[in-house]
Each structure stands twice: as structure tokens, then as C-alpha cells.
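Report on the structure
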Amino acid sequence: MQLTIRNLNKTYPNGVKALQDVSLDIPTGMYGLLGPNGAGKSTLMRTLATLQEADSGSATLGDMDVLKDKDAVRRTLGYLPQEFGVYPRISALEMLDHLAVLKGIPAGQRKEVVNALLQRVNLWEHRKKSVSSYSGGMRQRFGIAQALLGDPKLIIVDEPTAGLDPGERNRFYNLLSEIGENVIVILSTHIVEDVKELCSNMAIINNGRVLYDGSPDAALHQLDGKVWEKAIAKSEIDDYQQRYRVISSKLVAGKPIIHILSDTDPGDGFRRTDADLEDVFFAKIHGGE
Ligand code: ADP
């Protein structure tokens, strides 16, 4: 099974071109959709989740037309939106059971399915509490449980780690990575770490356009030998930005370490460093490569 997206376009009434000729081939496994805020990730996710229309283009999942066969897609889709909305004051168990009814899971199987999912996402102990009383991490795990109802073949997770502390984020990563190898999981995020840890394939998008599509390793390979670093003084940043293609700057012990792109040794106290995914991201976003 593969998700094939061809030439998707979307312009909002205010003139914002949120998707511009987006074409992607998304295989089974975890797929990272990486881009800064406003890149067009949610627009793409919502379009694939049949919640909004594209202006033109196509998307097929196996032999299903994602943009036209909406009912069929909804039966095989699990969606964890960025904002899950307000939770009623009923227990997580009741809520998941209710969502299972909506998903069309037969009455005879429902109890077993719901119980198994609550165990799988490690919320069994907390099943009697209302989701509105859950921590951010617990809510996201509940979100995954509801997304997994009905054995979806396509799972879409929009900015799932926003607001999670590092421990919660790790638990959430582990859960996602266990979801299985025979489904497509699209993880949209602006956090490079999320993709680095989890995804064997990824795309980088910005301003509605695909800037990179491939494996994280291949992306790193493109920058082999081209990333150089130097510790500088804070007051020098502007000056370096004028003179070099600065792709990132990080504070290490209060001092900025900048990374620049250069095909040849820039001298000037720079030393060569291994590219990391963050370099790839910023190099693409800043149009350096
Ligand atoms: P991301 O999820 O990557 O942050 P979005 O898909 O939410 O990006 O937004 C892409 C662009 O489209 C942004 O410039 C955003 O302001 C704009 N946008 C999103 N939704 C709407 C809307 N309903 N109407 C007008 N503009 C929108």
C-alpha cells in the first residue's frame, strides 16, 4: 500500500497559496512531514483526512481515490488532529466506546477492541477518569487510541508533540514506533527531533512547496562536507550572516555556535562538522541547497 499524492494545490480565499503542486509518494512506515509554522502541513493533513477540499490534484491510497471516495477513506483513516477540541466529562472508557460506535465497530467486538486499545496506550489504569482531567501526554495517548479504532491503514498525526514534556514525548515516540509496519503513519511536525527519531522517510515543505522528499540519511548525505561551524560572539552574528550562508546558530554555554554552508573550506576559524537533520531543515528552508 502506498499513498500517492500528485500536484495538489490549495489557495485560500485570502490569497494564501497553502499547497503548490505538492507531489509525494508515501510508503508504509513512519513518514515525517517537516516544515515551519505556516508551511502548509495542516492543510495537507486535513485534505488527506477528507476534512477540506483541494483546488486541484489527486491522492490515491492503494486503489482508493482519497479526494473522492470520502466514506471509504474515513473507514480506513485514523486522524489525530492538532486540536482535539473539548472533552465531555465522561470517562475515557465511555468516550472511546462512544467513538468506536461512531467508527462503526460492531457491538459484539466493541468492548474487546476498546479495552485492548486502552491497554496498548497505557491508559488502562486511568480509564475511569475523564479525558479532560488528563495531562498533555495522556491526552495524546488517548488521541492515538481513538485514531487506531477500526484498524486504519492510514494514520495522520498533526503536530503531536507540541506541549509535551521530554518524558511524555519519549513515551509517545515509543507508542508511535510500535504502531506497526503495515500502515502508513504521517507525522506532521516543525520539530526536527520528531522526524530524526522516528521516520525512515520524510518531506520538508515550506510555503506550500515540497523542498525535499526522501530518507533522512540521503538528505544528510547531500550536505556531506559542506557544513562548517564556529563559535562566535553574540555581537558578530549579523556580520557573519552578511558574509556567509548561515544555516543555524545555537547557544552552547551561552555562546553562539553557527553552522554555515560552504562547498570549500571558508578558513576564518571555521571547522568542518557532520551535518545533522537540523542543518538539512534550515538549509532547505533558507534556500541554501
Ligand atoms: P502549518 O500546518 O504548516 O502550520 P497551515 O496549513 O496551517 O500550515 O497553513 C498554511 C498557510 O495557510 C498559512 O499561511 C496559514 O496562515 C494559511 N491558512 C491556513 N488555514 C487558512 C484558512 N482557513 N484561511 C486562510 N488562510 C489559511
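Computed from a predicted model, the values in this text were never measured in an experiment.

**Re the domain arrangement of the protein chain**
We note that the domain assignment places domain 1 (3-215) and domain 2 (221-285) within the protein chain. The C-alpha-based centres of domain 1 and domain 2 are spaced at 34 Å. Here domain 1 packs against domain 2, burying approximately 850 Å² in sum over the two surfaces, 81% of which is carbon and sulfur. Connecting domain 1 to domain 2 are zero salt bridges. Here domain 1 and domain 2 share zero residue pairs in polar contact (both at pLDDT 80 or more) between them. Among the elements of the structure, α7 (192-198), β9 (201-206) and β10 (209-214) are those that each provide at least two residues to the side of domain 1 that touches domain 2. In terms of residue count, the dominant contributor to the side of domain 1 that touches domain 2 is β9 (four residues). A breakdown of the residues in the side of domain 1 that touches domain 2 according to their chemical character gives nine nonpolar, three polar and one charged.

**Overview of the sheet that holds strand β11 (residues 227-231)**
The sheet built from four strands is open, its strands ordered β12-β13-β11-β14 with antiparallel pairing. The open sheet terminates on both sides in strands that have one partner only, identified here as β12 (245-252) and β14 (271-272). Most of the contacts of helix α10 (residues 277-285) go to β12, to which it runs at about 140°, and overall it touches β11, β12 and β13 (255-261).

**So, the packing of aromatic side chains**
Geometry of an aromatic ring pair is reported as the spacing of the ring centres plus the angle between the planes. Under the criterion given, the structure shown has four aromatic pairs. Centroid distance Y240 to Y244: 5.9 Å. Interplanar angle 20°. Geometry classified as stacked. The exposure class assigned to Y240 is buried, which follows from its relative accessible area of 4%. With a relative accessible area of 19%, Y244 lands in the buried category. For the ring pair Y240 and F270, a centre distance of 6.0 Å and an interplane angle of 70° mean the geometry is edge-to-face. With Y240 in helix α9 (residues 237-243) and F270 in the loop between β13 and β14, this pair connects stretches of sequence that are 30 residues apart. Following the ring pairs from residue to residue traces out a cluster consisting of Y240, Y244 and F270. For the cation-ring pair, R127 lies above W124, with the distance from its terminal atom to the ring centre recorded as 3.8 Å.

**Description of the nonpolar core**
Core analysis: the largest hydrophobic core is formed by 52 residues, its most contacted members being F142, I144, V157 and L176. Mapping this core onto the domain boundaries places at least three of its residues in each of domain 1 (3-215) and domain 2 (221-285). With sequence-adjacent residues up to four places away left out, F142 is seen in contact with Y87, A92, M95, L96, L99, L123, V131 and Y134. Ranked by size, the runner-up nonpolar core spans 29 residues in total, among them V22, I156, I186 and A203.

**Thoughts on the site of the ligand**
Near the ligand you find 13 residues, and of these G38, G40, K41, S42 and T43 are the closest. Between the ligand and the protein, one listed contact pairs an oxygen atom with a backbone N or O atom of A39 at 3.1 Å. Here K41 contributes a side-chain N or O atom positioned 2.9 Å from an oxygen atom of the ligand. Surface burial for the ligand is 65%, taken as the share of its 570 Å² of free accessible area covered by protein chains. No other element matches the four residues that helix α1 (residues 41-48) contributes to the shell around the ligand.

**A short note on the pairing of strand β8 (residues 184-189)**
Of all six residues that make up β8, six are buried, and the element is covered over most of its length. Across six bridges, strand β3 (residues 29-34) lies against β8 in parallel orientation. If you follow L33 over to β8, its bridge partner there is S188. Sheet topology note: the strand β7 (residues 154-158)/β8 ladder contains five bridges and is parallel. Residue pairing in the sheet places D158 in a bridge with S188 of β8.

Procedures and definitions
- Residues numbered from 1 in each chain as written.
- Predicted model: local features only at pLDDT ≥ 70, side-chain atom pairs only at ≥ 80, totals over all residues.
- Heavy atoms only, no water.
- Domains from an automatic or database assignment.
- Buried area = accessible area lost by both parts, 1.4 Å probe.
- Salt bridge = Lys/Arg side-chain N within 4 Å of Asp/Glu carboxyl O.
- Polar contact = N/O pair within 3.5 Å; in protein donor to acceptor, adjacent residues only side chain to side chain.
- Helix = DSSP H or I, 4+ residues; strand = E, 2+ residues; numbered from the N terminus.
- Nonpolar A, V, L, I, M, F, W, Y, C, P; charged D, E, K, R; others polar.
- Pairing = 2+ DSSP bridges.
- Contact = heavy atoms within 4.5 Å.
- Axes fitted to C-alpha atoms, helices over the stretch in contact; angles between N-to-C directions.
- Phe/Tyr/Trp six-rings, centres within 6.5 Å; stacked < 30°, edge-to-face > 60°.
- Buried < 20%, exposed > 50% of the residue type's maximum accessible area, 1.4 Å probe, protein only.
- Lys NZ or Arg CZ within 6 Å of the ring centre and 35° of its normal.
- Core = buried A, V, L, I, M, F, W, Y, C linked by side-chain atoms within 4.5 Å.
- Near = heavy atom within 4 Å.
- Areas by Shrake-Rupley, 256 points an atom, 1.4 Å probe, with all protein chains shown as cover.

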